[in-house]
Amino acid sequence: MAHEVILVVDDNRQISDFLSETVLPGMGYDVLVARDANTAIKTVKQHKAQFDLMLLDLQLLLTLLLLKLLLLHFLLLDLLALLELLLLLLL
């Protein structure tokens, strides 16, 4: 059984460490941590948005907006690839 993956995005080290080292692994989750917007964006790009859940610090509103844009970008790329495949099958 594959483990569910949670991305924790929080610039408060105490909170992110507590969630990523104690709480979430104790509940059986695999956890990735980003402590700033740039790291969060790199992590999302690297893992191709393959997360079951993202816990975001609400004070990092820019991070939230950028992550939504990135997720939309990957979704659109997936849709374009699917449309190309459908066109190839139909031709």
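If you're wondering where the values come from, they're calculated on a predicted model, not measured in any experiment.

Parameters and conventions
Residues numbered from 1 in each chain as written. Predicted model: local features only at pLDDT ≥ 70, side-chain atom pairs only at ≥ 80, totals over all residues. Heavy atoms only, no water. Pairing = 2+ DSSP bridges. Helix = DSSP H or I, 4+ residues; strand = E, 2+ residues; numbered from the N terminus. Axes fitted to C-alpha atoms, helices over the stretch in contact; angles between N-to-C directions. Buried < 20%, exposed > 50% of the residue type's maximum accessible area, 1.4 Å probe, protein only. Lys, Arg positive; Asp, Glu negative; His and termini not counted. Salt bridge = Lys/Arg side-chain N within 4 Å of Asp/Glu carboxyl O. Polar contact = N/O pair within 3.5 Å; in protein donor to acceptor, adjacent residues only side chain to side chain. Contact = heavy atoms within 4.5 Å.

With that settled, the discussion passes to the sheet that holds strand β1 (residues 5-9). Strands sit in the order β2-β1-β3 across an open sheet of three strands; the sheet is parallel. At either margin of the open sheet sits one strand with a lone partner, and together these are β2 (30-34) and β3 (53-56). Put simply, the sheet's adjacent strands are angled 20° from each other on average, direction ignored. As paired strands, β1 and β2 are joined by five bridges and run parallel to one another.

Locating Asp-10 in the fold gives a position in the loop between β1 and α1 (13-26). We note that Asp-10 is buried and unpaired, the nearest opposite charge coming from Arg-35 at a distance of 7.9 Å. Polar side-chain contacts of Asp-10 include one of 2.7 Å to the backbone nitrogen of Asn-12. Residues contacting Asp-10, with those up to four places away along its chain left out, are Ile-15, Ser-16, Ala-34, Arg-35, Asp-57 and Leu-60.

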